[in-house]
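Analysis of the macromolecular model
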Amino acid sequence: DFILEIGTEEIPPLMVMPLLRELEEKSESKLKEKKINFKKVKTFGTSRRLVLLIEEIDTFQKDSKETIFGPPEKIALNEDGSFSSAALSFAKKIGASAEELKILDGPKGKAVGVVKEVKGGKSSEILSEELPKIIDSLYLPKSMRWGEGDFVFIRPVRWVLALIGNEAVAMTIKGVRSQKTTRGHRIWGRKEIEISEPNEYLEKLRKEYIIADIDERKKKITDELQSFSEKVSGFWNDESEETEKLLETVLFLSEYPTVVMGEIPSEFISLPAPVLSTCLREHQKFFGVFQKDGNGNITSLPFFLAVCDGAKELQETVLEGLKSVTLARLFDAKFFFEHDKSLKLE
């Protein structure tokens, strides 16, 4: 297997997936173009890392045949059918013998040519040359310069990991040379973790509070949202477009997501649902908790669900801070809502 990890400063959450999709598509296309066999191309990612995994890649690209064309037939042959001095000069120029010369159908008609066997290059060397070009070609809706301003990317690149099997692959991406090390969680993980081979990458990062697999991280979030909602006989997913967008946002705001639940004072539940959801969803990136009344209408329960970044046992202090900020937001919302109602439509 081959793995490439580009470590960056925090990427805006809704920009991660488009980058990963483009990286996957272009890498797969380049492997096919270069005739390198592989089983599958995958991508992983968080707010601080873009990861490309190529499963079961061949060590060498496939051997191929290359046809080199020379002068057209009327110049390449003498009247007696032997090769002319022009054809022999062509053979010498490309390092071929006279015996290798043939008259072939070329793009502009019959011409003298040589069919050469081309030995497949080493996959690691091809990846080393091509992947930085692919990274440079990715579409960036917004970009940054850093250091002396020579490099441009979505966010500053801080480290690069590149391995094929247990061998390091030398390459330079945005001025950063690749190594066999990665970094754990910014707060809870170690600053340097050595990766011996791609197969151990995901597991080693889990121990450093990084869930790099996007599907695994999403399942952890949705399972915990579901668990907390059920404790208060409610549900978190109202199947709205806004909730889906919020889920993708928090998915790339945290590297090791942990859900906590806070209580909303009952005085704020009387606020209209759009006002309450704006406070929770837009400002705080929190999920609401809902239930259905006897008529099937969705109403809010006095709870919010927040996705924090880090281990569960460390989130109680964080929750207290979240409650304080949320209360301030809700007081503002209630004040402005009541103030607006006091003004008549006339």
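For the structure itself, look to the data block above.
Summary of the structure given here. Here, residues in each chain are numbered from 1, in the same order as that chain's written sequence. In keeping with the model being predicted, local features are shown solely for residues with a pLDDT of at least 70 and side-chain atom pairs are shown and tallied solely at 80 or more, while totals for entire chains, interfaces and linings include all residues. Only heavy atoms go into the side-chain values, all of them from the structure, while hydrogens and water stay out.

Looking at the element boundaries, Arg 281 is found in helix α8 (residues 273-283). Only protein chains enter the calculation, and the probe is 1.4 Å; a residue is then buried if its accessible area is under 20% of its type maximum, exposed if over 50%, and partly exposed in between. Classification of Arg 281 as buried rests on a relative accessible area of 13%. Any N or O atom pair separated by 3.5 Å or less is treated as a polar contact, with the protein-specific requirement of one donor-capable and one acceptor-capable atom, and with residues adjacent in sequence counted only for side-chain atom pairs. Side chain to side chain, Arg 281 and Thr 243 meet in a polar contact 3.2 Å long. Secondary structure elements are defined from DSSP: runs of H or I of at least 4 residues count as helices, runs of E of at least 2 residues count as strands, and each element is numbered from the N terminus.

A pair of aromatic rings is counted whenever rings of Phe, Tyr or Trp (Trp by its six-membered ring) have centres within 6.5 Å, and the orientation is called stacked for planes under 30 degrees apart, edge-to-face for over 60 and tilted otherwise. Overall, the coordinates contain seven aromatic pairs when judged by the stated rule. With a centroid separation of 6.4 Å and 35° between ring planes, the pair formed by Trp 146 and Phe 151 is classed as tilted. Here Trp 146 falls in the buried class, since its relative accessible area comes to 14%. Centroid distance Phe 268 to Phe 331: 5.1 Å. Interplanar angle 85°. Geometry classified as edge-to-face. A residue pair is termed long-range when its members are at least 10 positions apart, and Phe 268 in the loop between β15 (257-263) and α8 and Phe 331 in helix α9 (residues 316-342) qualify at 63 residues. Using a relative accessible area of 0% as the deciding quantity, one classes Phe 268 as buried. Think of it as a cone above the ring: NZ of Lys or CZ of Arg counts as a charge over the ring if it is within 6 Å of the ring centre and within 35 degrees of the ring normal. Lying across the ring of Tyr 256, Lys 220 places its NZ or CZ 5.0 Å from the centre.

Only buried residues count toward a nonpolar core. Its members are Ala, Val, Leu, Ile, Met, Phe, Trp, Tyr and Cys residues joined through side-chain atoms within 4.5 Å. Judged by nonpolar contacts, the single largest core of 50 residues is most densely connected at Phe 2, Leu 4 and Phe 287. Residues count as neighbours in contact if any of their non-hydrogen atoms are within 4.5 Å of one another. For Phe 287, the contacting residues outside a window of four places in its chain are Leu 225, Trp 236, Thr 243, Leu 246, Leu 247, Val 250, Phe 304, Leu 305 and Val 307. Core analysis: the next-biggest nonpolar cluster, separate from the first, contains 15 residues, Ile 264, Leu 280, Phe 304 and Ala 306 among them.

What follows deals with the pattern of salt bridges. Opposite charge on two side chains makes pairing possible when the charged atoms of those side chains draw close. Counted as salt bridges are all cases of a side-chain nitrogen of Lys or Arg within 4 Å of a carboxyl oxygen of Asp or Glu. Going through the model one piece at a time under the given rule, you end up with 26 salt bridges. Glu 9 serves as the salt-bridge partner of Arg 186, at 3.2 Å between the closest nitrogen and oxygen. Of this pair, Arg 186 sits in the loop between β13 (181-182) and β14 (193-194) while Glu 9 is found in the loop between β1 (2-8) and α1 (16-33), placing the two residues 177 residues apart along the sequence. Residue classification places Arg 186 among the partly exposed positions, given a relative accessible area of 37%.

This part takes up the environment of Ile 214. Its location among the elements puts Ile 214 in helix α6 (residues 214-231). C-alpha separation for the pair Ile 214 and Pro 12, spaced 202 residues apart in sequence, amounts to 16 Å. Ignoring anything within four residues of it in the chain, the contact list for Ile 214 reads Met 17, Leu 20, Phe 44, Gly 45, Leu 251 and Phe 252.

Along the polypeptide, Lys 245 turns up in helix α7 (residues 241-251). Under the relative-accessibility criterion, Lys 245 is labelled exposed at 51%. Distance in space between the C-alpha atoms of Lys 245 and Leu 131 is 31 Å, their sequence separation being 114 residues.

Turning to the sheet that holds strand β4 (residues 64-72), a few remarks are in order. The pairing criterion is simple: DSSP has to find at least two bridges between the two strands. One open sheet holds the three strands; their spatial order is β4-β6-β5, and the pairing between them is antiparallel. In this open sheet, the two strands that pair with only one neighbour each are β4 and β5 (102-106). Along the sheet, successive strands turn relative to each other by an average axial angle of 55°, direction set aside. Judged from the five bridges that link them, β5 and strand β6 (residues 109-118) form a sheet pairing that is antiparallel. Within β6, the position partnered with Ile 103 by the bridge is Val 112. Helix-sheet contacts for helix α3 (residues 85-93) involve β4 and β6, and the interaxial angle to β4 is about 145°. Axis definition: a line fit to C-alpha positions, over the contact stretch in the case of helices; interaxial angles, taken between N-to-C directions, run 0 to 180 degrees.

With antiparallel pairing, the five strands of this open sheet are ordered in space as β2-β3-β1-β9-β10. The open sheet has two edge strands, β2 (40-46) and β10 (167-168), and neither has a second partner. Where β2 and strand β3 (residues 49-55) come together, seven bridges link them in antiparallel fashion. The residue bridging Phe 44 from the neighbouring strand is Val 51, located in β3. Taken strand by strand, helix α4 (residues 123-137) contacts β1, β3 and β9 (157-164), and its axis lies near 35° from that of β1.

On to empty space enclosed by the protein. Cavities and pockets are found on a 1 Å grid laid over the protein atoms alone: a cavity is a set of points where a 1.4 Å probe fits but cannot escape, a pocket is an open set with protein on both sides within 12 Å along at least five of seven lines, and a lining residue has an atom within 4 Å of such a point. Grid points are joined across faces, edges and corners, and a volume is the space filled by probe spheres set on the points. Under the counting rule described, the total for this entry stands at two cavities of 30 Å³ or more. Of the volumes computed, that of the largest cavity is approximately 100 Å³. Broken down by element, the lining of the largest cavity gets its largest block of residues, five residues, from α8. Here the term charged refers only to Asp, Glu, Lys and Arg, the term nonpolar to Ala, Val, Leu, Ile, Met, Phe, Trp, Tyr, Cys and Pro, and the term polar to all other amino acids, Gly among them. When its residues are assigned to classes, the lining of the largest cavity shows ten nonpolar, three polar and one charged.

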